[in-house]
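Here is how the chains run, residue by residue.
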Amino acid sequence: MIDLINVCKSYGKGQPNAVDHATLHVDPGEFVFVVGSSGSGKSTLIKLLLRELEVTSGDMVVLGQHLKKMKHRRVAKYRRRLGVVFQDFRLLKDRNVYENVAFAQRVINRPTRVIRRRVPEVLQEVGLAGKYKSLPDELSGGEQQRVAIARALVNRPDILLADEPTGNLDPATSLEIMELLDRINGRGTTVLVVTHNKDIVNSMKKRVVTMNQGMIISDEEEGEYHEA
Amino acid sequence: MRPSTMWYTLKQGFINIRRNWMFSIASILTMTACIFLFGIFYCLIVNVNYIAKKTEEKIPIAVFFDEGTTQEQLDEIEELIKARPEVEEVTFVSGDEGLENYLNNMYPDADEMTDDVKESFKELFLEYSNENPLEDSFNFQVTINEIERQDALVSYIKGLDHVRKVRQSSEAANTLTSFNQILYYVSSGIIGILLLISIFLISNTISVGISVRKEEIGIMKYIGATDHFVRAPFVLEGIFLGLVGAAIPLVLLYFLYTKTINLLVENFSILGGSMRFLEVKELFKTLCPIGLCLGIGIGFLGSFLTTRKHLRV
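What you are looking at is a predicted structure, and each value in this text was computed from that prediction instead of being measured.

Draft legend 1. Representation of a nonpolar patch on the surface in the model. Taken together, the side chains of W21(B), M22(B), F23(B), I25(B) and L29(B) define a hydrophobic patch exposed on the protein surface, amounting to about 550 Å² of accessible area. Mapped onto the elements of the fold, I25(B) is located in helix α2 (residues 21–58).

Now the structure itself:
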């Protein structure tokens, strides 16, 4: 599902590699934590997976597509098979919960009847069915992140990428969000979570990939968070 | 594109305009000024051309013949010329009439002379010259109704047997054409500068719209929106601004042109007699589509270039 083959990413000539000779294989349906301290290359990895950045060397094959060779006009279609969740939620403040989730379907040209059926379904899935009329500012941080997850899920992605999804949340809410991601993974979606939340990683007993200075320094099944 | 997506695009375009209404108004006003000036110059150029054409049509082509051309041959040539569709009238001018015209031209006060005085003047002239020097200058005066075909007609007549010379009197028209060329270059320069300013202002308005919606655009791109989908509302905004910016001056010009022509014809009867201006409906048959296309084109170009520059996520 995700294959990194000796991937390097540098932001400019003479700059150190943000991702340095990384090799990684993720199977369909896996749940993977990518951990590491700030500047370890985790977020760059997410950007590479989103094809927001291009690899400097090596190759990246995601969902059977070589990202290095991918033409710009094909990126949009590729991204439709990914769901993405950010630390800062990135919700549209002037639109309510329903509209935020529906937005993800609208932009990929889904018919209105599909949107009307699918959005309540996914809101139910993340436990926000009763709050579909609320504006983001009327919700707690955890609820806003659930909206973001609903938006990421509404198009039934093959892979869900989460970049520090609990970074702005308290420990109890963080655990709820992780449990939600785990349930989503249980239904067959591959989940890749970038985090530096040690407690959560250690409690969930999932595969843990540790990065340091752009390099993958460990990759453990049912692993734990190791400080670099 | 689905109707719901089309509706969404339209709605977003109008939301952009509402959000940045000050910039939108500035863009519309600049476009209005630009198209208005374009319209004025266009009216001037088209009318000068029209007047030149009418003037040319009034001045006949003179066809002269070889010495000794018989009346039968003249009749034959006359029939051939008359058969041409662009020919309105063919008048025969004899040598005597030619002399009279010459004298009238030489002595502008000849109109005020009595017939007796004119006759004695002519006799005096003939006495000194022994014979009418214009005896062989009998000619056809050919007036045409399609000035564009004048050159073709002249070539045709020159190719006829017994035709010695064909004279085109296009000096007045040429003067007007030269004036028109100067007008064309001056107006092109001014309009060109204004068009660039319009493109810049529209581009600026769109840039502001993009920066206001930067976060939304970013999300759209992460979700998998195509470039076309992201750009469409902004391009639509540009086209709408261009369209409104073109429609306003066209309406203004319509009324202004009608009023001005009426005023010129009523208050300056000398102009009304010698010059005929293009009908407003005739003028707007071309000005309206050109103006609207210009507005839409500038709006499209300004917004398209800006979105291309800013929306590569």
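Draft legend 2. Quick peek at the packing of helix α3 (residues 97–106) of chain A against helix α4 (residues 112–125) of chain A. Residues and elements named next belong to chain A. One can describe the packing of α3 onto α4 by two numbers: an axis separation of 9 Å at closest approach and a directional angle of 125 degrees. One element, α3, and the other, α4, form an angle in the oblique class. The interaxial crossing formed by α3 with α4 has right-handed handedness. Listed contacts from α4 to V97, Y98, V101, A102, Q105 and R106 of α3 are T112, V114, I115, R116, R118, V119, P120, V122 and L123. Among the residues forming the contact of α3 with α4, the class breakdown is 10 nonpolar, two polar and three charged.

Draft legend 3. The arrangement of the interface of chain B and chain A in detail. On the side of chain A, 24 residues touch chain B, which itself brings 20 residues to the contact. When the two sides are added together, the surface that chain B and chain A hide from each other amounts to roughly 2,100 Å², 56% of it contributed by carbon and sulfur. Linking chain B to chain A there are one salt bridge. Counting across the interface, chain B meets chain A through five residue pairs in polar contact (both at pLDDT 80 or more). Those elements that place two or more of their residues in the side of chain B that touches chain A are α1 (3–19), α8 (214–223) and α9 (227–267) of chain B. Counting residues per element, the side of chain B that touches chain A draws most heavily on α8(B), which supplies seven residues.

Draft legend 4. Molecular detail of the sheet that holds strand β2 (residues 87–93) of chain B. Residue and element names in this part refer to chain B. Strand order in this open sheet of four strands is β2-β3-β1-β4, and the pairing throughout is antiparallel. The open sheet has two edge strands with one neighbour each: β2 and β4 (163–167). Strand-to-strand twist in this sheet, taken as the mean axis angle between neighbours without regard to direction, amounts to 20 degrees. Two elements, β2 and strand β3 (residues 139–144), share six bridges in a ladder whose sense is antiparallel. Opposite F92, over in β3, you have F140 as the bridge partner. Along the sheet, helix α3 (residues 71–82) makes contact with β1 (61–65), β2 and β3, crossing β2 at roughly 160 degrees.

Draft legend 5. Up close: the pattern of salt bridges. A full pass over the atoms with the stated rule returns 20 salt bridges over all chains. A salt bridge links K93(A) to D137(A); the shortest N-O distance between them is 3.8 Å. Of this pair, K93(A) sits in the loop between β6 (82–86) and α3 while D137(A) sits in the loop between α4 and α5 (141–153), and the two are 44 residues apart along the sequence. Since its relative accessible area comes to 46%, K93(A) is described here as partly exposed. D137(A) gets classed as exposed once you look at its relative accessible area, which sits at 61%. Between K285(B) and E282(B) there is a salt bridge, with its nearest N and O atoms 3.6 Å apart. You can see K285(B) and its partner E282(B) sitting in helix α11 (residues 280–310), three residues apart, about one turn around the helix. Residue classification places K285(B) among the exposed residues on the basis of a relative accessible area of 57%. Residue classification places E282(B) among the partly exposed residues on the basis of a relative accessible area of 41%.

Calculation criteria
Residues numbered from 1 in each chain as written. Chains lettered and ligands numbered in written order. Predicted model: local features only at pLDDT ≥ 70, side-chain atom pairs only at ≥ 80, totals over all residues. Heavy atoms only, no water. Patch = residues over 30% accessible without salt bridge, like charges linked within 9 Å, V, L, I, M, F, W, Y side chains within 5 Å. Areas by Shrake-Rupley, 256 points an atom, 1.4 Å probe, with all protein chains shown as cover. Salt bridge = Lys/Arg side-chain N within 4 Å of Asp/Glu carboxyl O. Helix = DSSP H or I, 4+ residues; strand = E, 2+ residues; numbered from the N terminus. Axes fitted to C-alpha atoms, helices over the stretch in contact; angles between N-to-C directions. Parallel < 35°, antiparallel > 145°, perpendicular 65-115°, else oblique. Left-handed = near helix turned anticlockwise from the far one by under 90°. Contact = heavy atoms within 4.5 Å. Nonpolar A, V, L, I, M, F, W, Y, C, P; charged D, E, K, R; others polar. Buried area = accessible area lost by both parts, 1.4 Å probe. Polar contact = N/O pair within 3.5 Å; in protein donor to acceptor, adjacent residues only side chain to side chain. Pairing = 2+ DSSP bridges. Buried < 20%, exposed > 50% of the residue type's maximum accessible area, 1.4 Å probe, protein only.

Keep in mind that these numbers describe shape and distance, not what the molecule does.
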